[in-house]
Amino acid sequence: MLELYFKAADDLRQKWGGPLIARLDEVASILHNQGFCWDMGRRALRISGHFSHFLQVSGVVAEAQIGKDLIEAFLDSLGRSGSFRYAVSDLRHLLDHLLASGVLPKPEMSRP
């Protein structure tokens, strides 16, 4: 489904790599079904691909290894300006999918 947003989807799969690369097609399908425009879909998928690559470079080989610390480290590595200023909201699409799929644990509610 990456082909809905990128002409060279196979090249991007090879470039990004990582343990979440197969999930990007699922997220692309979700975004498409929810009616996301081309630009927003590409932006969300691009940051998700960068995250998958970051995980690979960080030595993560399985989805079960992904946790809050890695997510925060990735976002901290990006900075908050330029093309990554929407990274937090754009990555949310992938993270919500991983949560719904049971890959990420449900966040614990802190008690007052």
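Structural data are supplied above this passage.
Heads up: these notes are all about the structure in this document. Predicted model only: the values in this text are computed from it and were never measured. (Residues numbered from 1 in each chain as written. Predicted model: local features only at pLDDT ≥ 70, side-chain atom pairs only at ≥ 80, totals over all residues. Heavy atoms only, no water.)

**Some words on the packing of helix α4 (residues 68–78) against helix α5 (residues 87–100)**
As a packed pair, α4 and α5 sit with axes 11 Å apart at the nearest point and diverge in direction by 150°. Judged on the interaxial angle alone, α5 and α4 are roughly antiparallel. The hand of the α4/α5 crossing is right-handed. Between α4 and α5, the contacting residues are Ile71, Phe74, Leu75 and Leu78 on the first element and Ala87, Val88, Leu91 and Leu95 on the second. Here the contact of α4 with α5 is composed, by residue class, of 8 nonpolar, no polar and no charged. (Axes fitted to C-alpha atoms, helices over the stretch in contact; angles between N-to-C directions. Helix = DSSP H or I, 4+ residues; strand = E, 2+ residues; numbered from the N terminus. Parallel < 35°, antiparallel > 145°, perpendicular 65-115°, else oblique. Left-handed = near helix turned anticlockwise from the far one by under 90°. Contact = heavy atoms within 4.5 Å. Nonpolar A, V, L, I, M, F, W, Y, C, P; charged D, E, K, R; others polar.)

**As for the packing of aromatic side chains**
For the coordinates displayed, the defined rule picks out 3 aromatic pairs. Seen from their ring centres, Phe6 and Trp16 are 5.9 Å apart, and the 85° between their planes marks the pair as edge-to-face. Residue Phe6 is found in the segment before α1 (9–16), and its partner Trp16 is found in helix α1; the two are separated by 10 residues along the sequence. No difference in accessibility class separates Phe6 from Trp16, as the two residues are buried. The interplanar angle of 55° and the centroid separation of 5.3 Å between the aromatic rings of Phe54 and Phe74 together place this pair among those described as tilted. (Phe/Tyr/Trp six-rings, centres within 6.5 Å; stacked < 30°, edge-to-face > 60°. Buried < 20%, exposed > 50% of the residue type's maximum accessible area, 1.4 Å probe, protein only.)

**What about the pattern of salt bridges?**
Within this structure, the stated rule accounts for 8 salt bridges. One salt bridge connects Arg13 with Glu3, and the closest N-O pair in it is separated by 3.2 Å. Of this pair, Arg13 sits in helix α1 while Glu3 sits in the segment before α1, placing them 10 residues apart in sequence. The salt bridge partner of Glu72 is Lys68, with a shortest N-O separation of 3.9 Å. With a gap of 4 residues between them, Glu72 and Lys68 both fall in helix α4, about one helical turn apart. In this structure Glu72 comes out as partly exposed when scored by relative accessible area, which is 38%. (Salt bridge = Lys/Arg side-chain N within 4 Å of Asp/Glu carboxyl O.)

Any functional reading would require information that these geometric values do not contain.
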